[in-house]
Amino acid sequence: MTTVADDPRIQLAHDFLGAVEVVPDLLLPLRVVRVVDAGGRHFVAKQHAEQDRYARELHAYRTWGTHLNGHAPTLVGRHDATRTILMTALAGNRADTVAPGSPEEELAHHEAGHVLGALHRATSMPRGGAVGVVLAQRLQGWIDQAVQADLINTAERNLLNHHAAVLDNSLMDSAVCHLDYQPRNWLVGDAFGICDFEHMRLDARIRDFARLEFRRWQAAPHLRTAFLDGYGRPLNGSERHLLESFGAIEAATALVKGHKENALTLSAHGRTVLSRLT
């Protein structure tokens, strides 16, 4: 274990905790570091490259963390100039390291549904059309970028435009959403925890299921069943159709980002999701 005096994350930890040591953790993103204080307590420090994501994550921890009833890290400190936050570290292992097909995987999805359901119920808002209009505009922006980069053909463009029109004309209920809700951001062990709140905001409630639907559940529908059982209610017909239109956002986003970042796996995912849309 080493100390890094000129790292803004370590400096923030030092300011709030005193002397700390860095604990290597290969599963953490490069911008996140785990530290331990003199009392053996573990914390996580994270530096954002973008101001809006820093502000969004800070707001999430300060405003909505109370609705997660101990399932989320606690904000310890921040440094606005370096866009750095310090949080308690949750115990447990990342849920994407659990063996596929195991009872532990199914339990993780059940617990994830339970925790997300509590957040959604605590922050729910009445159905309306405003969020659909915003999401339609966002999808249209991704479609335009995909067309400019010659990533989709005419039929695919028409299909995505159809889903943009569906969103534009849909009434949907809203809630505070995590928007990257998938096993890599869940921690399992003696308790269940979630992390990474940089995308969290008020959005269409069903959209919080999109990454799970198109990255996990279609290949393992029993996980969808376990999740929704924990969540407390199944999806009705209109919600299932709406989820497909959120899949259009997933597909277009993955195609464009995969192309820009030369990320072949992400591009392939976008192509797969696009092929499944009707």
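Quick note: structure is the one above.
First, a word on what this report is: a plain description of the structure on this page.

Examining the packing of aromatic side chains
Inference 1: Evaluated as defined, the whole model comprises nine aromatic pairs.
Inference 2: Geometrically, the ring pair formed by phenylalanine 209 and phenylalanine 227 is edge-to-face, given 5.6 Å between the ring centres and 80° between the ring planes. You can see phenylalanine 209 sitting in the loop between β11 (201-204) and α6 (210-217) and its partner phenylalanine 227 sitting in helix α7 (residues 221-231), a full 18 residues away along the chain.
Inference 3: When its relative accessible area of 0% is taken as the criterion, phenylalanine 227 is described as buried.
Inference 4: On the numbers, 5.0 Å between centres and 55° between planes, the contact of tryptophan 217 with phenylalanine 227 is tilted.

Side note on the sheet that holds strand β8 (residues 172-177)
Inference 1: Ordered by their spatial adjacency, three strands build an open sheet running β7-β8-β11, and the pairing between neighbours is antiparallel. The strands lining the two open edges of the sheet, one partner per strand, are β7 (125-128) and β11. With strand direction ignored, the average angle separating the axes of adjacent strands in the sheet is 35°.
Inference 2: One ladder, built from four bridges, connects β8 with β11; its direction is antiparallel. Within β11, the position partnered with serine 174 by the bridge is alanine 204.
Inference 3: Here helix α4 (residues 130-148) sits on the sheet in contact with β7, β8 and β11, set at roughly 90° to β11.

Observations concerning the side chain of arginine 205
Inference 1: Structurally, arginine 205 can be placed in the loop between β11 and α6.
Inference 2: With sequence-adjacent residues up to four places away left out, arginine 205 is seen in contact with His120, Asp173, Ser174, Ala175, Cys177, Tyr231, Arg233 and Glu239.

Quick word on helix α1 (residues 8-17)
Inference 1: Residues Arg9, Ile10, Leu12, Ala13 and Leu17 constitute the buried set of α1. When α1 is viewed along its axis, its buried side chains cluster within an angular range of 160° and face the same direction.
Inference 2: Residues of α1 that are buried make contact with β1 (20-23), β2 (32-37), β3 (42-47), β4 (75-79) and β5 (84-88).
Inference 3: Just past α1, the residue glycine 18 takes up positive phi, approximately 85°.

Here we look at the packing of α6 against α7
Inference 1: As a packed pair, α6 and α7 sit with axes 9 Å apart at the nearest point and diverge in direction by 150°. Classified by the angle between their axes, α6 and α7 sit roughly antiparallel to one another. The crossing of α6 and α7 is right-handed. Facing Leu212, Glu213 and Trp217 of α6, the residues of α7 in contact are Pro221, Leu223, Arg224 and Phe227.

Let's talk about the sheet that holds strand β6 (residues 93-94)
Inference 1: An order of β6-β9-β10 is seen for the three strands of this open sheet, with the pairing classed as antiparallel. Two strands in the sheet have a free side with no partner beyond their single neighbour: β6 and β10 (193-194).
Inference 2: Sheet analysis places β6 next to strand β9 (residues 186-188), joined by two bridges and oriented antiparallel. Counterpart to arginine 94 in the pairing with β9 is leucine 187.

Comments concerning the pattern of salt bridges
Side chains that carry opposite charge are capable of pairing whenever their charged atoms lie near each other.
Inference 1: Going through the model one piece at a time under the given rule, you end up with 23 salt bridges.
Inference 2: In this structure, arginine 53 engages glutamate 198 in a salt bridge whose closest nitrogen and oxygen atoms are separated by 2.9 Å. Here arginine 53 is found in helix α2 (residues 51-63), whereas its partner glutamate 198 is found in the loop between β10 and β11, with 145 residues between them in sequence.
Inference 3: For arginine 53, a relative accessible area of 24% puts it in the partly exposed group.
Inference 4: A residue is classified by how much of its surface remains accessible, and glutamate 198, at 2% relative accessible area, is buried.
Inference 5: Between arginine 138 and aspartate 203 there is a salt bridge, with the nearest N and O atoms lying 3.9 Å from each other. Taken together, the residues span a long stretch of sequence, with arginine 138 in helix α4 and aspartate 203 in strand β11 at a distance of 65 residues.
Inference 6: Residue class for arginine 138 comes out partly exposed when judged on its relative accessible area of 30%.
Inference 7: Among the residues examined, aspartate 203 registers a relative accessible area of 2% and is labelled buried.
Inference 8: Each of the salt bridges in this network shares a partner with another, and the network as a whole consists of Arg31, Lys46, Glu50, Arg53, Glu57, Asp196 and Glu198.

Here is what the cut-offs are and how they apply
Once a new chain begins, its residue numbering starts again from 1 and follows that chain's sequence as written. The predicted origin of the model limits local features to residues at a pLDDT of at least 70 and limits the giving and counting of side-chain atom pairs to 80 or more, whereas totals for whole chains, interfaces and linings rest on all residues. By convention in this description, side-chain values take in all heavy atoms of the structure and omit both hydrogens and water. Paired rings are identified among Phe, Tyr and Trp, the last through its six-membered ring, by centres lying within 6.5 Å, and are further divided according to the angle between planes into stacked (under 30 degrees), edge-to-face (over 60) and tilted (the rest). Numbered from the N terminus, helices here are DSSP runs of H or I no shorter than four residues, and strands are runs of E no shorter than two. When accessible area is computed with a 1.4 Å probe and restricted to protein chains, residues below 20% of their type maximum are described as buried, those above 50% as exposed, and intermediate ones as partly exposed. Should DSSP find at least two bridges between two strands, the strands are regarded as paired. An axis is simply a line fitted to the C-alpha atoms; with a helix, the fit covers only the stretch in contact. Between two such axes, the angle follows the N-to-C directions and lies from 0 to 180 degrees. Here, residues are in contact when the closest pair of their heavy atoms is within 4.5 Å. Arc definition: directions from the helix axis to the C-beta atoms. Angular relationships are summarised with four words: roughly parallel below 35 degrees, roughly antiparallel beyond 145, roughly perpendicular across 65 to 115, and oblique for the angles in between. Two helices that cross are described as forming a left-handed crossing if the nearer one is turned anticlockwise from the farther one by less than a right angle, and a right-handed crossing if clockwise. Here a salt bridge means any side-chain nitrogen of Lys or Arg lying within 4 Å of a carboxyl oxygen belonging to Asp or Glu.

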